[in-house]
Amino acid sequence: MKNQSVKNNIDWISVFIYISLVVLGWLNIYSSSLLSTDGTYQKQLIFIGCTIPLIFVVLFVDGKFYEKYASIIFGVALLSLAGLFLFGKTIAGQRCWYAIGSFTLQPSEFAKAATSLALAKYLSDTQINLKETNRQIQALAIVFLPVMLILPQPDPGSALIYSVFILVLFREGLPSWYVWTGFITILLFVLTLILEPYVVILIALGVLIIIHFKGRAVDRNILLSAILLALISGFVLSVDYVFDNVFKQHHRDRFNILLGKTVDMKGIGYNTNQSEIAIGSGGWIGKGFLEGTQTKGGFVPEQHTDYIFTTVGEEWGFAGSLVVILLFTGLFLRVIYLAERQKTKFSRVYGYCVAGILFIHFFVNIAMVIGIFPTIGVPLPFFSYGGSGLWGFTILLFIFLKMDANKVNEW
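Residues numbered from 1 in each chain as written. Predicted model: local features only at pLDDT ≥ 70, side-chain atom pairs only at ≥ 80, totals over all residues. Heavy atoms only, no water.

As a reminder, the rule being used: UniProt positions are given in the numbering used here, feature names are shortened, and annotations may be inferred rather than shown by experiment.
If you look the chain up in an unreviewed UniProt entry, it shows as Cell cycle protein from Flavobacterium johnsoniae. If you open the UniProt record of the chain and go to Subcellular location (unreviewed entry), you find "Membrane".

### Observations concerning the overall build of the chain
What counts is decided by this rule: The numbering of helices and of strands both runs from the N terminus, where a helix is a DSSP run of H or I of at least 4 residues and a strand a run of E of at least 2. The contact criterion used is simple: two residues touch if any of their non-hydrogen atoms lie within 4.5 Å. All accessible areas in this document rest on Shrake-Rupley with a 1.4 Å probe, and a residue is counted as covered only by the protein chains that are shown.
Each helix and strand in the chain was counted, giving 19 helices and three strands. Pairs at least 24 apart in sequence give 72% of the contacts found in the chain among residues at least 6 apart. In the form shown here, the chain has an accessible surface area of approximately 20,200 Å², with 70% of it arising from carbon and sulfur atoms.

### Some details on the packing of aromatic side chains
We count it as follows: Stacked, edge-to-face and tilted are the three classes for Phe, Tyr and Trp ring pairs, Trp counted by its six-membered ring, which pair at centre distances within 6.5 Å; planes under 30 degrees apart are stacked, over 60 edge-to-face, the rest tilted. Residue burial is assigned from relative accessible area. The probe radius is 1.4 Å, only protein chains are included, and a residue is buried under 20% of its type maximum, exposed over 50%, and partly exposed in between.
Under the definition given, this model contains 21 aromatic pairs. When the ring of Phe328 is compared with that of Phe362, the centres are 5.0 Å apart and the planes differ by 35°; the resulting orientation is tilted. One end of the pair, Phe328, is in helix H17 (residues 309–340); the other, Phe362, is in helix H18 (residues 345–369), and 34 residues separate them in sequence. In this pair, the class of Phe328 matches that of Phe362, namely buried. By the ring-pair criterion, three or more aromatic residues cluster together here, those being Phe328, Phe332, Phe359, Phe362, Phe363 and Phe383.

This is the structure:
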């Protein structure tokens, strides 16, 4: 009876979009790795085949299980991340995988769903009020615990994804100054890399003066404005030190290329340059499936993983790229729509986490591929090669679809 309810009530629109993205993803992996000898597209087909029983397991489990055991699932995810420091396999300088023979598993891909469940569980408590400082700290701790375990691997790309949870918390009542602080911090950091520190401080001073005199007389506080200016100045003056001493050389190189301070088309900027060439050469309708010269020539490194969208742009052109973008957009909007009609706060919050994670992966990956964001290793959901990523995104999405199908039994 319960399985019949899932079959009748599951959102088939989301399922159709999911299947479409997975199929299109495999076709592009097939094209980009056709000439390779490592069996990439065959392996991805096996990974896709494994998602079928995985989906059935996720949908078979009672929807209340995910809420009841959210904390335990989160704890297991944290242990799996911590275990990498002892038992993980290092690949390309990153200790992000467990190796079982020739098979590797990346726990950070599954930790996103676990963190979403934990955050939804915490926020669904009727006593939680995100206007209270202690509640804010507790909610942010849930987000930053996995980040603190992921950053040292080092895997800044996966860690960056967790920033989207701030928007989910904002949706549930987190004061807006958190979002503004994050945005202004990033803006100041980038401006300081482009301009001299004293210029950025003068700009900040000008903005604070305008805000001070534009505000209501009752709200004007010279002491607060002075404190803000002091904090901004301290941050701005520390940027160069952090950039030179905390960031690794390849991170500095990528920022310098992105900001136009360095031109290195044969070194660190090679990937992005070749990616832009491949996408641009596709024109309006592309060169045709399996006809991409950049793809077949192997000019774009990691083309079947982080740079898979270059194959879409070259072989399918603007039209094909637009179809892919519309499918992703349709999935984001559908999940948000479903989240809004949930009967429980737990399901709603989890739904927003799902939409946020999928969106930030999509946005950062596309921005990285077309050269408006540094290369940091963020895969494109359902497209990029890899079992862990595909399974992680599948679990993330279908747990929510199970919750949505189960809402007919909620009161």
